[in-house]
Amino acid sequence: MALREGEVYRCPDQSCGCEVTVTRSAAEGCPGQQNPTCCSGHTMDKVGG
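These remarks concern the structure in this document. (Residues numbered from 1 in each chain as written. Predicted model: local features only at pLDDT ≥ 70, side-chain atom pairs only at ≥ 80, totals over all residues. Heavy atoms only, no water.)

**Description of the nonpolar core**
Convention followed: In plain words, nonpolar cores are sets of buried Ala, Val, Leu, Ile, Met, Phe, Trp, Tyr and Cys residues tied together by side-chain atoms within 4.5 Å. Exposure classes here rest on a 1.4 Å probe applied to the protein chains alone. A residue is buried below 20% of its type maximum, exposed above 50%, and partly exposed in between. Contact criterion: two residues are considered in contact whenever any of their non-hydrogen atoms come within 4.5 Å of each other.
Counting 5 residues, the largest nonpolar core consists of Tyr9, Cys11, Val22, Cys38 and Met44. If near-sequence neighbours (up to four positions away) are discounted, Met44 is found in contact with Tyr9, Arg10, Cys11, Pro12, Cys18, Glu19, Val20, Asn35, Pro36, Thr37 and Cys38.

Shown next, in the form of structure tokens:
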């Protein structure tokens, strides 16, 4: 589940408000399997789906 261009991730902490939009996809074959982590330490949730 590598990051793909256009995906949006949001911090689950309502008081944080951090949101990330992927502007460039990871390389083909990237073994990454984790969602991004917010500066507050929470694992960010993919928006949409």
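Additional details are given in the paragraphs that follow.
**Topic: the sheet that holds strand E3 (residues 45-47)**
In plain terms, the rule: A strand pair is defined by DSSP finding two or more bridges across the two strands. Strands here mean DSSP runs of E at least two residues long; helices mean DSSP runs of H or I at least four residues long; both are numbered from the N terminus. Only the contacting stretch of a helix is used when fitting its axis, a line to C-alpha atoms as for every element, and angles between N-to-C directions run 0 to 180 degrees.
Read across the open sheet, the 3 strands follow the order E2-E1-E3; overall the sheet is antiparallel. Lying at the two open borders of the sheet, with one neighbouring strand each, are strand E2 (19-21) and E3. Each neighbouring strand pair of the sheet contributes to a mean axis angle of 30 degrees, computed without reference to strand direction. The sheet contact formed by strand E1 (residues 8-10) and E3 spans 3 bridges and is antiparallel. Bridge assignment links Tyr9 to a residue of E3, and that residue is Lys46.

**Quick look at the side chain of Glu7**
To be explicit about the condition: Here a polar contact means two N or O atoms within 3.5 Å. Within protein one must be a hydrogen donor candidate and the other an acceptor candidate, and residues neighboring in sequence count only if both atoms are side-chain atoms.
By the secondary structure assignment, Glu7 is in the segment before E1. We classify Glu7 as buried; its relative accessible area is 13%. Side chain to side chain, Glu7 and Tyr9 meet in a polar contact 2.9 Å long.

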